[in-house]
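The residues making up each chain are set out below.
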Amino acid sequence: MSELHRERFRGFLEQKVRAGPETVHVDVTNVCNLDCVTCWNYGGSLDAPKTIAWKRQRIDPVVFHRVLAEVAEAGAERIVLSGGGEPFTHPDIEGFIGAVKQKGLRLTVITNGTLCDFARLKALGVDQLLLNVASASPETYVAYHPNQPKETFHRLVEGCRTLRGRTAVNMVQVINGLTAHEVVAMVELAAEVGARVSFKVGDLPQGTAHFALTAAQREALLAEGLPAARKTAKHLGVRHNLDAFERQLRGVKEQQPPCFAGYLYSRISVDGRVFFCCAHIDAGHLNEGPFAQVWRSPRYDAVRQTLHRGGSFAACQRCGKHDMNVAAQRELDVLLSEGALP
C-alpha cells in the first residue's frame, strides 16, 4: 500500500482530508444507443422519461482533459469512465482512454459493449471492463434490449474472449422477471470468456414494475438457482458475488459500514457537477475552481461531516459503494493492527 493511500486512511480517522481520492468516476455522456427495459434513463415504459436536452449532453473534451490533469495532480490512481448513457457514443472516447493511460492511471470503463472495438480496447490498455449484459443467451438479451438483434449478443461474447488475459471483464447481470432463469447459465458464460460475474436485483423505476421478480421466481432462486450457481462457480473457478446477491434477494438489512467515499472516491457529471458518490449527492461544481479546491471545500466537507456524525442521505439506503466501504474497512483494520497508522 502506498504512503498516499495511508494518508487517505489517516484523513478518515482524523475526519480531515489529507490526500486526493483514489478513484475519480467521470461521466462522459448521457447519449445511449440501447433501450434496456428497466433503465432509469432509456427504458421504453418509463413514466417520466428524460428530456431530449438531457439525453444529448456530452462532456466537452476540453473539460475532460482539464479534469484529468487536475485529478491526477490531486493524487487519483484510477479513473472510471461511464455516463448516464453509453461512453462509446462519445466521439472522443478513444482519446479519453489514451489520455488516462498516458497519465499512468488504472482505467475502468462501464459499458454495454455494443459499440466497442474490443481489439482497440486491448491495444489501448483498458484495465477493466464492467460489461452490462443482463443475459446468458441471445433470446434473453433481445428481450432485455428490445432494439438489438441476437447477433449483438454473439459479438459481445466474442469480444470478451479477445480481452482474456489482458483486460479484466466483470459481467454485470441484472436479475428480474426476464432474466431470473439464467443465473446458472450466467456463471457458465463468465467461465467461457474468463470473466467475473456480478449479480444484482434490478431496480424498477416508475413504469417498469411489470419486470419485477415474481414471488415464485424469488423462491426458486433461493431454493435452487443460487445453490446450483455456487456449485457451478466453484467447479469452473468463476469469481462472483452470490453471497451479497442472496442477501439482496432475501431483503436482509445489513448494517452499513462506515462511508469512505469522501476520502477514496469522487464522481464528476457530464455537466461539471461534482458528486460525493455514485448516488449523485451534490458536493460542488468545477466552475468553482480546480478539482482539488472543490475536493477540500467546506461544501464537500459538510457531506463528510454529516456522515461522520452518523447522519445519512436518502440515497444511502441503496448504497452503490457498499463493496468499496467493506473493503476499505478491512484495509483500515489491517493497518491499525499492524500499527501502520500512527
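Anything mentioned here points back to the structure above.
All values reported here derive from a predicted model rather than from experimental measurement.

Calculation rules
Residues numbered from 1 in each chain as written. Predicted model: local features only at pLDDT ≥ 70, side-chain atom pairs only at ≥ 80, totals over all residues. Heavy atoms only, no water. Helix = DSSP H or I, 4+ residues; strand = E, 2+ residues; numbered from the N terminus. Pairing = 2+ DSSP bridges. Axes fitted to C-alpha atoms, helices over the stretch in contact; angles between N-to-C directions. Buried < 20%, exposed > 50% of the residue type's maximum accessible area, 1.4 Å probe, protein only.

### Some words on unusual backbone geometry
Now for step 1: Phi at Gln-15 is positive, roughly 60°, even though this residue is not glycine.
Now for step 2: If you trace the backbone, Gln-15 turns up in the loop between α1 (3-14) and β1 (23-29).
Now for step 3: One non-glycine residue with positive phi stands out, namely His-280, at about 65°.
Now for step 4: In this fold, His-280 is placed in the loop between β8 (273-275) and β9 (282-285).

### So, the sheet that holds strand β4 (residues 128-132)
Now for step 1: One open sheet accounts for nine strands, arranged β6-β5-β4-β3-β2-β1-β7-β8-β9; its pairing is mixed. The open sheet is flanked by β6 (196-201) and β9, the only strands paired with a single partner. Each strand of the sheet is rotated relative to its neighbour by a mean of 20°, with strand direction disregarded.
Now for step 2: By the bridge criterion, six bridges tie strand β5 (residues 168-175) to β6 in an arrangement that is parallel. Note on β6: the bridge partner recorded for Ile-175 is Val-201.

### Here we look at the pairing of β4
Now for step 1: Judged by which residues are buried, β4 turns out to be one-sided: Leu-129 and Leu-131 face inward and are buried, whereas Gln-128, Leu-130 and Asn-132, on the alternate face, are not.
Now for step 2: In terms of strand pairing, strand β3 (residues 106-111) meets β4 through four bridges, oriented parallel. Across the sheet, Val-109 pairs through a bridge with Leu-129, a residue of β4.
Now for step 3: Bridge count for β4 against β5 is five bridges, and the pairing is parallel. Opposite Leu-131, over in β5, you have Met-171 as the bridge partner.

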